[in-house]
Each structure stands twice: as C-alpha cells, then as structure tokens.
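Each chain, letter by letter, is given below.
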Number of protein chains: 4
Amino acid sequence: MALDTDRLVSLRREFHERPEPAWREFWTTARIVDELDRIGVDDVLVGPEILDAQARMAVPEDDELDTWLARARETGADPDTLDRLAGGHTGAMAVIEGSEPGPTLGLRVDIDGLPREEATGEDHVPAAEGFRSRNEGAMHACGHDAHITFGLGVVGAFADREFPGTLKVLFQPAEEVVGGAAAVAESGRLDDVDRFLAVHVGLGHPTGEVVAGVTDFLAVSQFRAEFAGAASHAGGLPARGRNAVQAMATAVQNLYAIPRHEGGITRVNAGNVGGGTASNIIPESAYIGGEVRGGTTELMEYMRDHADRVLENAAEMHDCELSVERTGEAPSADNDDSVVDVVEAAASDTEGIDSVVRHAPLGGSEDATYLMRRVQEQGGTAAFVCVGTDHPGGHHTATFDVDEASLEPGIETLATALRRLADGF
Amino acid sequence: MALDTDRLVSLRREFHERPEPAWREFWTTARIVDELDRIGVDDVLVGPEILDAQARMAVPEDDELDTWLARARETGADPDTLDRLAGGHTGAMAVIEGSEPGPTLGLRVDIDGLPREEATGEDHVPAAEGFRSRNEGAMHACGHDAHITFGLGVVGAFADREFPGTLKVLFQPAEEVVGGAAAVAESGRLDDVDRFLAVHVGLGHPTGEVVAGVTDFLAVSQFRAEFAGAASHAGGLPARGRNAVQAMATAVQNLYAIPRHEGGITRVNAGNVGGGTASNIIPESAYIGGEVRGGTTELMEYMRDHADRVLENAAEMHDCELSVERTGEAPSADNDDSVVDVVEAAASDTEGIDSVVRHAPLGGSEDATYLMRRVQEQGGTAAFVCVGTDHPGGHHTATFDVDEASLEPGIETLATALRRLADGF
Amino acid sequence: MALDTDRLVSLRREFHERPEPAWREFWTTARIVDELDRIGVDDVLVGPEILDAQARMAVPEDDELDTWLARARETGADPDTLDRLAGGHTGAMAVIEGSEPGPTLGLRVDIDGLPREEATGEDHVPAAEGFRSRNEGAMHACGHDAHITFGLGVVGAFADREFPGTLKVLFQPAEEVVGGAAAVAESGRLDDVDRFLAVHVGLGHPTGEVVAGVTDFLAVSQFRAEFAGAASHAGGLPARGRNAVQAMATAVQNLYAIPRHEGGITRVNAGNVGGGTASNIIPESAYIGGEVRGGTTELMEYMRDHADRVLENAAEMHDCELSVERTGEAPSADNDDSVVDVVEAAASDTEGIDSVVRHAPLGGSEDATYLMRRVQEQGGTAAFVCVGTDHPGGHHTATFDVDEASLEPGIETLATALRRLADGF
Amino acid sequence: MALDTDRLVSLRREFHERPEPAWREFWTTARIVDELDRIGVDDVLVGPEILDAQARMAVPEDDELDTWLARARETGADPDTLDRLAGGHTGAMAVIEGSEPGPTLGLRVDIDGLPREEATGEDHVPAAEGFRSRNEGAMHACGHDAHITFGLGVVGAFADREFPGTLKVLFQPAEEVVGGAAAVAESGRLDDVDRFLAVHVGLGHPTGEVVAGVTDFLAVSQFRAEFAGAASHAGGLPARGRNAVQAMATAVQNLYAIPRHEGGITRVNAGNVGGGTASNIIPESAYIGGEVRGGTTELMEYMRDHADRVLENAAEMHDCELSVERTGEAPSADNDDSVVDVVEAAASDTEGIDSVVRHAPLGGSEDATYLMRRVQEQGGTAAFVCVGTDHPGGHHTATFDVDEASLEPGIETLATALRRLADGF
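Please read these numbers as outputs of a predicted model, since none were measured by experiment.

Novice: Describe the relation of the copies chain C and chain A, with residues and values.
Specialist: When chain C is fitted to chain A, the residual RMSD is 0.3 Å, and the transformation amounts to a turn of 179° plus an axial shift of 0.2 Å. When the rotation and shift are considered jointly, the pair of chain copies conforms to a two-fold rotation axis. Taking C-alpha positions as reference, the residue of chain C nearest the rotation axis is Ala 257 of chain C, located at 2.0 Å. Both copies share a contact surface, since 100% of the interface residues of chain C are interface residues in chain A too.

Novice: So what's going on with the pairing of strand β11 (residues 285-294) of chain B? Which residues, and what values?
Specialist: Residue and element names in this part refer to chain B. For β11, the buried fraction is high: eight of the ten residues fall into the buried class. Pairing analysis gives ten bridges linking strand β7 (residues 219-228) to β11, with the strands arranged antiparallel. Bridge pairing links Val 220 to Arg 293 in β11. Where strand β9 (residues 266-276) meets β11, nine bridges bridge the pair, whose relative direction is antiparallel. Bridged to Arg 267 within β11 is Arg 293.

Novice: Just give me the short version of the relation of the copies chain A and chain B, but keep the residues and values in it.
Specialist: Superposing chain A onto chain B requires a rotation of 180° together with a translation of 0.1 Å along the rotation axis, leaving an RMSD of 0.2 Å. In this assembly the copies share their binding face: 100% of the residues contributing to the interface of chain A also contribute to that of chain B.

Novice: Please provide a residue-by-residue account of unusual backbone geometry, values included.
Specialist: Look at Leu 203 of chain B: it is not a glycine, yet its phi comes out positive at around 60°. With respect to the element layout, Leu 203 of chain B can be found in the loop between β5 (195-201) and β6 (209-215). Non-glycine residue Val 178 of chain C carries a positive phi angle of around 55°. Counting through the fold element by element, Val 178 of chain C comes out in the loop between β4 (164-172) and α7 (181-187). Classification of Val 178 of chain C by relative accessible area gives buried; the value is 8%.

Novice: Mind laying out the confidence of the model for chain A, listing which residues take part and the relevant values?
Specialist: Per-residue pLDDT for chain A has a mean of 96; in total, 100% of the residues score no lower than 70. On the interface metric, ipTM, the complex scores 0.84, and its pTM is 0.88.

Novice: Residue-level account of the packing of helix α1 (residues 5-17) of chain D against helix α12 (residues 407-423) of chain D, with values.
Specialist: Residue and element names in this part refer to chain D. One can describe the packing of α1 onto α12 by two numbers: an axis separation of 10 Å at closest approach and a directional angle of 105°. Judged by the inter-axis angle, α1 sits roughly perpendicular to α12. Judged by residue contacts, Thr 5, Leu 8, Val 9 and Arg 12 of α1 engage Leu 407, Glu 408 and Ile 411 from α12. Residues that form the contact of α1 with α12 fall into these classes: four nonpolar, one polar and two charged.

Novice: Go over the interface of chain A and chain B, please, and point to the residues and values.
Specialist: Counting from both sides, the interface comprises 38 residues of chain A and, opposite them, 38 residues of chain B. Approximately 2,700 Å² of surface area, both sides summed, lies buried where chain A meets chain B, with 50% of it carried by carbon and sulfur atoms. At the boundary of chain A with chain B, the tally comes to 17 residue pairs in polar contact (both at pLDDT 80 or more). Mapped by element, the contributors of at least two residues to the side of chain A that touches chain B are α8 (244-256), β9 (266-276), β10 (281-282) and β11 (285-294) of chain A. The dominant element in the side of chain A that touches chain B, judged by the number of residues it contributes, is β9 of chain A, at nine residues.

Novice: Quick rundown of helix α12 (residues 407-423) of chain B? Include the residues and the values.
Specialist: Residues and elements named next belong to chain B. With 17 residues, α12 extends 24 Å from end C-alpha to end C-alpha; this agrees with the ideal 24 Å at 1.5 Å per step. Within α12, twelve of the 17 residues are buried, which leaves it mostly tucked inside the rest of the structure. Within the sequence span of α12, burial applies to Leu 407, Pro 409, Gly 410, Ile 411, Thr 413, Leu 414, Ala 415, Thr 416, Ala 417, Leu 418, Leu 421 and Ala 422.

Thresholds, definitions, all that
Starting from 1, residues in each chain are numbered consecutively following that chain's sequence as written. Chains and ligands are labelled by the order in which they are written, letters from A for the one and numbers from 1 for the other. In keeping with the predicted nature of the model, local features appear solely for residues at pLDDT of at least 70, side-chain atom pairs appear and are counted solely at 80 or more, and the whole-chain, interface and lining totals rest on all residues. By convention in this description, side-chain values take in all heavy atoms of the structure and omit both hydrogens and water. When the copies are superposed, the least-squares fit draws on C-alpha atoms of residues that have pLDDT of at least 70 in both. Two residues form a contact once any of their heavy atoms are found within 4.5 Å. Burial classification: accessible surface area is computed with a 1.4 Å probe over protein chains only, and a residue below 20% of its type maximum counts as buried, one above 50% as exposed, and the rest as partly exposed. By definition, any uninterrupted DSSP run of H or I lasting at least four residues is a helix, any uninterrupted run of E lasting at least two residues is a strand, and each is numbered from the N terminus. Whether two strands pair depends on DSSP finding at least two bridges between them. A score between 0 and 100, pLDDT records how confident the predictor is in each residue. Axis geometry follows a simple rule: fit a line to the C-alpha atoms, using only the stretch in contact for helices, then measure angles between N-to-C directions, giving values from 0 to 180 degrees. Between 65 and 115 degrees an angle is taken as roughly perpendicular, under 35 as roughly parallel, over 145 as roughly antiparallel, and anywhere else as oblique. Here the nonpolar group is Ala, Val, Leu, Ile, Met, Phe, Trp, Tyr, Cys and Pro; Asp, Glu, Lys and Arg are the charged ones; every other residue, Gly included, is treated as polar. Summed over both partners, buried area is the accessible surface (1.4 Å probe) that two parts give up on being assembled. In protein, a polar contact requires one atom able to donate a hydrogen and another able to accept it; more generally it is a pair of N or O atoms within 3.5 Å, and residues adjacent in sequence count only if both atoms are side-chain atoms. Helix span is expected to be 1.5 Å times the residue number reduced by one.

Next comes the structure, spelled out in structure tokens:
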C-alpha cells in the first residue's frame, strides 16, 4: 500500500516532534512498528532480534534509558513493543517476501535524533507550523525523520509483493554515535543480502538532486578516556595529589599533534573534556570524549593507535590510571559501480529529480559503512545514495530542516532502484 | 547570658544539620539572628548592612540563590530576615556596647558550608547520632558550625555588658570561596576596630590545644577563565573551528609550569576545567576554574600576573576570546605580637586547655586576612587563633567532625582574651 | 656543438666530485661558465646579473661563504668569475640567440649540493669508481650534478643556432633551501620567456621513463624563529629568568597541533631546535628552524599564519622576545596542458625512452614553482618534467646515485620539446 | 712555611690565568703539586689515588680531555704529574702528619673553572692588571682560584707539623658539574676524618665577613636525556618518522609542571636542549640537559623520580627510545653545631674579620655535601664555611672577581679553626 504525499508529510512531522537520541528510540521504534503493521507487513523484527547486544557501542546508563522509556510509555507507545526494547535494544526491520523467488534486497535508514535544542524562531518551519520537538534538548537535526519516512515509503511501495525475492528494510538505531550499525552487522541479519542501499538526505545537495554513490567516507573511531588520579588540597598538600587534569591537558596537546599522514586524510578531536571539582582541590579525575578519523580504515587505525599511545603515556606521566572505552567506530567503504549504475538510471527516470550526480564526497563518517562492508564481504554489492533536499541550516544545527518536497521523489528513486536490482539479478 | 554546655552542643548540631554554601547562608543567618535576639543583643546587622555588595566575589547565579532561599523558607526561617538577605547578601554582625567607654573589639567567625556529601557510616558521629546534613550535597566539613557556636558563645559571655568599649562579632559569609571577607572589609564596618581576633577550629591540633597566632597564610587569587572559540564539524571542516579546548589545554600545561620563585612558596591549580560538547564537534568553549597562591601577597601577585599572561596568550594562540573573572582573593597577613601575647596568656589560664602553642603555620589560605589587614591599616592590631579539636577526618573530607568538648574552652579562651584586650587598652 | 656520451658522463662525474651547498656554488658556477665558453655561447650571465640580491633567502654567514670561496680558488676555479660571485651571488645563465626571430624559450636546472656525507661502500658507484665527493660533508645527493649536465647538454644541442627565437638556460643556485628561485624571478630575467621547462631527475621513476608534467607541488614556507629571554641561576633565582626553552617547547607542541584543513594536504615540522646553555641556567635563548607546507599556496598560507600566531603567543606567554625570519618559500604551481602535450610527444619520440607518463605527483616542494608562476603571470606557459633514472638510494640519502644511461635521452627529450615549442609558436 | 701576602696574591693570579673546566684541571693539578712540593709536603696524592674512577660524573669525551691535556703540556706543566692524571683523573690531596698523635682533620677546596668567556673591560681588574684568562672560553668565575689559594695557604700554615694528628687538604676537581665529590667520597680517602671543613668565597658576603656554617644546600640531580626516533621527509613521509623533538617538547612542558611540594623548596630546569637537523626532516634525535633540586635530599628525589616518569612517558608517547644519564648529583647536608662554634670563635679572633655570621643560606647546590655526609656517616663532624669577599659581578658572570684582601684573613680563620679542632679533640 503506497503512501500518498499527505501521509508522508504527516509521518515525517510526527517523527520530527518526538526525536529520541541513540539507543533511546523507544517511542520511535514502537511507532514504526505500528505503521508497518498498518501497511500490512507480516514479518516485523525489533531490537533484540536484529542486534548483537554485546556489539552495541555508546549505550547510555540505565537511568538515562529508563527516563526515555518512561517518556515513551507516557506518550502512548505500544507497551508490548516497549517491553521488547528494554535496556536500549531499539530499532526494527521489515521483511517482505516477494511473490516469486529472487535476490535478497536491503535498504537501511537510521532513526535516531540528536541531543540538542531546536530553534524556536518563526523562520524555522517546524516552529512556525507547530511540529517543533516536544522532547526538550533533543532534535531531529540531521534528517533521520525523513529517513524513517523514506523507509516506510519504500515498504509501502513493495507492500503488494509484486517483485522477485525478499526485501529487508532496516530502521537502524544509534547512527549519530556511530554505535548501531556494528551491532546489526554482527547479528548476521543482513548476511543474505545481495543488493544493498543506504540513504541520506541533504548533505548540501538541493531538492531535485540525487547522488547515486556517495564517496569519501571517513573511517572513524570515537572514545571516552577517563583519567583517575587523587585529590589533595592545592594549597596545603599539592604534591600529595595525582593530577588528572594535567594528564588530560597533556593528552589533548599531543592528540592534536599526531603527525599528519602521507596516505591521506586524518582527523582528530578532543571534542568534550572536563575534570576536577573546585579551584582549590588537585583534580582527581578528568575525561576526554574524542575521536579520530581517516580517509581509509587503515588511516583511522593509524590515528587510533597513536591516540591510544598518547592517552596511556599522558596518564602514566602524571601517575594516573587510564580507562579508554571505544564508544563508536565505523570503517570506510566503497560503492559498487554496478549498483551505482542502477541508482543513477533510476534517479534519472524519476519525476522531480532534475539533477543526477554519480559521485560526491561525504567528508564525514557514517556507520552504514559497517553494513556495506558486511554485505560486500558476503558477496553482495552496495551503494550509499543521497537524496538532495533544500536545508536552511547545516546538519546538526538548530535550524536544520528538510524540504518535504524531496520525500516522494526520494522514495520513488529508492523503490525503482531496488526493483530494478531485483529484476536484473 | 552565657550559654551552657548543652546549649552549645545543641546549637552546633542544629547548624551542622543545615549547611549552606557560600552566599547561600539564608537559613543560617536567620537562625543566628534568632539566637542573637534570644540572647538579648540590641544591635544586630545583617547582609546588606555589613557588605559592600559590589565587592562580593564568586556569587552564584540567581537560580542557585533562589533555590536555597526557597529551601530556607520551607525550613521555617524568619521571613522578614530572609527578605533582607535576598540576592545573596548573607551574614550578620552583633554589636554590643559595654557599660563604660573603651576600645572597639572585633571577633570574626565564618558560617558557610561546603558543596560536598557527608559520610553516612556508623563511625561518623553526626550520622550515628542523627544530626548529619539534611541538605544533600552540602556539609559542614570545615567546622564552621563550631565557629558559629564560638561566635554565639562569645556574644553570650559579653551579653551582661560588663566591659569597657564595644564588641563586634562578625558572622561572615562565603569564606570557603575566599569571597566574603573583602566585601565586609570594603563596607568599612570594621574600620573602628582596635583589637581583632579571628578563629579557626582544628587544623590538625587536638582538643585541649590552642595556637595563639596562626602564621603562614598563603595569599590566594582564584579565577574563572572562559575561552570562546567557534564550533565546526571535526570531520568535515576541522580548520573552520577555533578550538577552545586546545587553548585551555595549552593554558593548563603552562599554568603548572610557571617558574617557582626564590622568594618563597607559590602554588597553582587548574582545579576545575571543561570544554566542548560532542566528540565530533570542534569545541567552541572551554573554561578553567583555577587559583594561584603565594607565601606573601607579592608572591601571589607574581603568580597571578604570570597566570594572566599564560591565559591571554593561550587564548590568542588558538584564536579564541578570553574573559577572566576574579572569583576570590585574599592577601597574606601577619599577627601582632601584642595580641598573640594576650591570647597565649588567656589560653594558659583556661580550664580544658593543656597545651598552648604560640605559632603554628596554616599552609593554606583564609580570607580573614583581608579583615586583619584592614584593621591593621586603620591602626588596630590582630591575631588569628586556632582552637584545637580532635577531628577524625581531614578538613573538607566526608568524615570531618569536631570534638564538642572543645567548644566551651574555645569560647572561654576567646572571651578572656577579648576582655583582657579591652581592659588593657 | 652537441656533447657526446663520454663527455656527458665525464662532466656529470666532475660536478659530482665537487658538490657545493646553497649560495656556495662558486667552483660549480665557474666550471659551468668555462664549459659554456668552450661550447661557444656568446652571452653568459652570472650571479649578480640574474639575481635580485635582496630576494635571496637562507644565505649563509660571511665566514661560511668565505670558506667555500677560498676552497673554490684553491681548486683552480677561474679567479675572474669567482670575483663576480663574491658574497654568495652564484648561478649562471646561457642566452643563445637563434638564427631567426621567434619566441623566448627557458630551461631551468638547479646546481647546488646538500650538506651531508656521501657513502663510502664499494656498492656505491661514485665511491667504487673514484668520483665520490671531495668536499667532505657535502654531497650531490639529489641529482643536481645530472641537472647541470642536462643544462649543458641542451646548450650544446642549440649551439648551432638553427632555431627560431631565443633560448635561456638557467643554472639556478640554492634550490635545496628553497631560496634561489625567488631571487631569479625577482630579477626579471625570465619575464620575456614564452615557453618554460624545469626538470628533475629520478623521483622514483626508472631509467627510460619520462613524466611530462609533474604535479602536486607542496607550497612551502621555511622559517627560523628566535626566542630571546633572560638567563638566571636555576637554583637560586628561578623566577628572575625569562625562559626561552619553555617558549620554544610551547611553540613546538602547538605547531604540530595546528588543525588539519579540509581543503587538502598540510604539513608542519619543527625540524631543528635548540636552546639554553647549561643545566643550571634558566635558558635565555632558543630557536626553531621549521617549515609549513600546503597542497596549495593558500593552504601553505593558512599554516604559515597559524604558525606565526603560535610562535608569537608562545614567546609572549613566557615573556620572551621573538624574531622570525622567512628562510625559504615556494608556492605551488600548475603545468600548462599545451606544454605537457609537447613534452609527452617529444619523449615518445626519443630513443631510450620507453615509458611516458603524463602526470605524476611530487608530494614535496620545489622552488621552480616561483619561476613557473612568474612566466605564467607574464603570459607564458610552463611544465615541470621528470627524467626517470634508476637510483639505488632515496633522494637526500648517502647512497643516492643516478644511472648515467638516463643523461642522453633526458637531454634529447628536453631539446626536442624546446625545439618543437619554438617551431610551433 | 707560611705564605706571605705577595705570594698568595701571585698564586691566585697565576691560577686565575689558567682556568680549566671540570675533569680537565691538568695544568692546575700539576701546578698545585709543584707548590705542595715547594712548601715541603711529603705526602702528595693525585687523581687516581683519591678518586673512585667509576663514581666520577659528567666526564667529558676523550677528545675534549686530550685537547686540555695537550694544552697543559704546552704550558709547561710537569710531564710526570700529567701522565698520572690521564683520562681525566684530576685533583690532589696533601697529607701532613702532625708532630704528635691526634685526630684527622680535613679541609676541602675545589679547583675547576667554568666554560665561559671572561670580561675584557678596563673595569674588570683581571683584564686591567693583566691576569685575565689565557684559556679562551674558560674562566675562574666562581672564585675557585681563591679556593686553591686558601688550600695552599692552610698547608703552608701547617707545614711546621706543630699540631696533634693529621691534616688532609683536598684539592677537589669537578665541583661545577657536581661531579667530583662523589668520586672522592667513594674512594674512602676521607673516611678517617674526624673534623671536616669545606669553604667557599663570596656568596654575596663582603670582605671582612665570615659565615661559620652555611645552610640550605639544595640537593641536586643533573641529567642528560637523549630521545632517539626516526628521521623522515617532513613533506613526503611525515608519518614515517618518529619525532624526537615532539617527545622533547612534551617532556619540557611537563618537567616544569611537576607539582610544587608542601615539604619545601623544589626546582627544575631544562637548561640545555636541542634536536633535529633540518627544517624539512622529521627530527630523529633530541636531548635535554637538565636538573632538579630540593631543599632536602628527599625533595630532590621526589623531583628526580617525577622527572624520570615525565621523560619516559614523553619518549614512549612519541615512539622514541630514551636514555637518561645521571651527570651530577649532590645531597643536602647539615653543619654540626660543635664545629660551627669553633669556626665562629676562630673568625672572631682573626684580624681583618669584622663580621661573623653564624648561619646564612646558600640557596644553591654544592657537592661538598657528599663529603660532609660521608664524614658524618663515619662518626665525624663538619661545617661549610664562607669567607666573604667583595665581588663586583655575581658568581658565574663574566665580571666576577674576588677582593684579594680577603685571602689572608680567610686562610687564618680556617687554619685557626682547624688547629683548635685538633687541640680540642
């Protein structure tokens, strides 16, 4: 049952109002399941069925999970579904069997919001038209509300089962922390996929433009480093302490100074740091929430190994203990030309798409690369598609928004490409 | 009306249960005023009458003040007194006119608690005997509850007015942030004081010991430095940001590396730092809550000037703006031998005091030094007295406690010394 | 008068034996002038005639220049020529007027050696065959001996004047310090050049291969930063000093930490540092000999500006004075396709060349870019050619050597290309 | 045979003209031996007889030793003595047996010069009167020429053997590098000493003043740290290097930032650093010549241990190897009151001494502390005496000089004190 324009816009706005950050997509998952049921999908998997729970990264503390789960309950999400998601096992997958044998197709959309305030001004459409975030401190500032809508739209387009093979549409949690895709990959649920698409909206491309194969994914590794020293009175016993802030500052200085690499792009950031308690106490603890990236997985690993050495020695230099948690990680990935060809042609044939770009660089990271590589390792092929949309603010800013006119052409491009990939198998 | 032992213990425990951090001593001040009224002091000044409001340092945000003011109201503090303290103008002063002309005497006690949890174990007397802090996250962990009791006890001892001259007992707010004494000094309320005592309990000296003149006050200057840069995406636009965490880390490294000084003790600490938002965003802001100290005021100023230069250049190096707020400051100070002599003799004559030490070093900072210097600049003399007490945990730790047996001898030593200073004027 | 194979090898070995570092190419220049006279070139310019003396960078101290000048005299270089080169005004230019009017052609070769020891082992051909460097501590480790030979060979090929226009062959000094080309460019001597080639041997390309247009020149800026503080006794008066080594170390840490740039390649190195005198003296001086690079001139300028800010603030943070001298600088540059086309064809037609590569990246810096840009700014066109040669050791290593079989095909490729550029003008 | 004033002045000037730095005191030692022979001392030990050769610290390379040995030969020093000093085994000891049994007395003077230029101006007496240093680059800038004269003067005063016991006068090498006293102590040559004096001239005390017991010796430990990484081309292969200058800079930043200690004075200095070769090469080596000090030996050890941890982790952080050589070390030491009493009285009884100070602080380091502690550990007693002298420039500066009028009273004070220590044993 294909979804019409009004329905798509309505769904997108409903999700926009209820952004939930990584691993807290309780209401979101339950709402997706509702809609999949409404469309008539027989086989709907959720959280624990599509995740290797141990492979999840950056899962929040229980208190935080409980807060969001309670909020989802209050908002009226289906209690049975919520029970299945407990402990931060979010996300869903729709599996549709076609009417005849054929390949297994995969589409991945991501569903999490960001932990940031949304703009309130009249020139911000969601505020002006009354669908601004109701979850204070959270926002769909990267278009994942549109991604969910793409996913539901494609499910709707295949609901008649008039295609050869099987379609799996993954509604993936926790992309923003680069923490969800690895858990899905490790679950093996996509191991039988022969043709795979992932999709993102916007990325600086306008409404009416499609990029058939996004390139230049930076491999990324995120970490949280904790330095544990010992407190002491800064005036009376300065040498009795073990100064965790000194360790942290030494690490920050040297992290940014990791040598550039002749092999390509490298990145490093100590994006969130802190330490100590009061000005007159030698700081006993400190932390760095940081990341490294590389133009290839190998370059990321070069940075990660060097960063680990910096962290360890900065801690030891100041007699502090160190613990480093890997909070997110994604490799780089490449598109298969054969899939890009099909997407390029499908986009060209879609009404509302007037510009088809074969390749454009991302220059950032995406954990869909885990899934692309998994599929490719099992013999499948894959591409990462961008559906352009006019967006007034940049991604991750308070004024980000998507042009809803891009929803329908985006869905049609994806559906057409998937159908042709099935037919041409 | 002298206070008996039971009353003193009861008062001390009542104050222990209601610790309020700097500039938030609403309930505490109101309760002191109650007790002064009960004792029969005619002239009781509060907050705005004893403070130069502009000279207060480290005053919290309005929200924080309001929270504590509301709590004080709920606890039943006198509403009229509370109204007079609004906006964080806490503290009180009892002024008692003697029956005949004579010098003006001053005694200063401080009244604020610390922002830390109190221990809960059975071996912690306040927990075992039911007077542990009822204000979660706050604790009288430095004995200011005993100091208040000293102050009230001395007022009681002089309540009969049988002495020449005038006694001013200052219940000073915000000592722990080194932020209250300057405001009192600037108010001029102590400018007519001829003989001045300040007092502290414990400091490693046992019950039964008195130090007549505590020495080696470290001059201190506390600051909050804010670095403002610009955010950017760490993967996509790393050079578009202006990295406030890099500025902060550079400052931390170089603050600790300020050269030691041949002239004596120096100290520096970046005790509380933070910055940035997320691992993938170039940090746009960062801060350091820090302090410098010196064995003399000049040494502190050497450190302060050098620290300022470090902060400024660390910010500019990374293209960040800097703002530095002086959040607390206290000079060093010296005791007058003539006053120390009197205290020494008074302590020797006090029952319960079996060890009188003329001088012992503090090795820390105290903003009473502002008041001592102010008095001395106006021609008066001063000393800083320590009343020993067995304390199981160190100052500022969760298990700090005072031995209540030290309350009465402490009050008697102070009262005797003040009376002799009046008589001998 | 074309030079035969034996002559070319003999010349190359003669130059190999007498390497002279930047601005010290006294014997080398005089020997080139001798040979140009022998070939019969009428118009030979030297040093001061082809240089803007003020625009020279990284010129050594007078003592050093005098030492090398004296050595050149002792070796029997022509005294009249040497007199014209005094003060480090080295280099030469042959100007040959063709028999009929036509365009002005330019070829640039560089002539300086490197300050490093040459290998002595039997597997190092120059050692085994007796033409190892006679100037201890100096070596032709980057093939400029071959470049000189290329230049003389091309002059020989045009000595008959049977071509339209004018040929200028520049024997440029001081390439290794990125310090000579700017001075030639500023002299204006190449401003009338219509078609320009520069050439390098080797670069990892084997004998028999030619790269028609070398790309990816890193723009570079080299600097020497001097930090001036004040000495003091480290035990007795540590705060009386102004510590230049602290300033230097702060700068080093922050130079390497200059943010990576989304626009492309950046590089930074503090390659040579020092400071202080004795372990018990606060260091009063320190220096950094460093460099920054960029994939484009703009990226280099981004790094240079940021480095300047780091240096200034590191100095000021530690109360030191700073002076920064720009010791070398070269922009990036692009080849003109029209010239690359001609070189590509000429190489293909040359006996001994069996592999013609249109473009290959340099990944380093070259001050020929100054000359290419100068020519291009005046309306001319240019390309940078690489003549492959089997080289056993890497460039700048002790075992670097060139395969003399590459000399003749290299000269023929260059001469053919220049002649066709003249004919086709 | 007591030396008269002219002789003393003449000797002092002769030594002033021939300063030799640590372990290079070849001419100096030979000249001392000459003079001891002339005075008539029977038992004169030299270098290897008074040193544990393995315990020497900061011995220069052989080349450097050979240069100074050759210079001593050329200057006419006794060849037989020089032969005994080969390899940097310098210094001498005069042993005089008294005419009757008694205690063993010890006096230590040090004999080395400093590696610095001497002033040339007319207001610098040695320049004006023609006895400025003839060894360019070396200078007696700390008064050890006067110390040698003290030693010879005392020997002269005891040459008649009219005293009970034995006198050992040690002419110690290599004090300036804190490297000689440990080797003498380890030799055991002073183990039988019952009463020991060491002496220094000047230290800010004027002619006519004596300090009976100098206090506040800073314990010191000097080191040379070498960082070994790997070179690489900074433009082409920046990540292939292992950057020793980054390691060094990280160490410097963190050395100065070692926390101040509540127990007293601490010091740290990276007084002499360097690294790398050229601006375009990733630096493969770097070094720090540094030191730490403490008001007590324990405080020095706190600093030394912390410094070692900084060095190790800075190296490892940047993947470099580290080697640390201990190049000098001296403990703190205390005077024995009984010896100070005797010196105080002796000075008071000496003509020309008009001010006797019991104690004054050094605020620096001195390796005589090794000898004092050695004597004290064996049951003897000791004091460190200062003989005041007007000195126009500070110690270790180019204009340092001593007032020769202080020579004779200094010798008399020392001789009187030693004689009384013998008599009163």
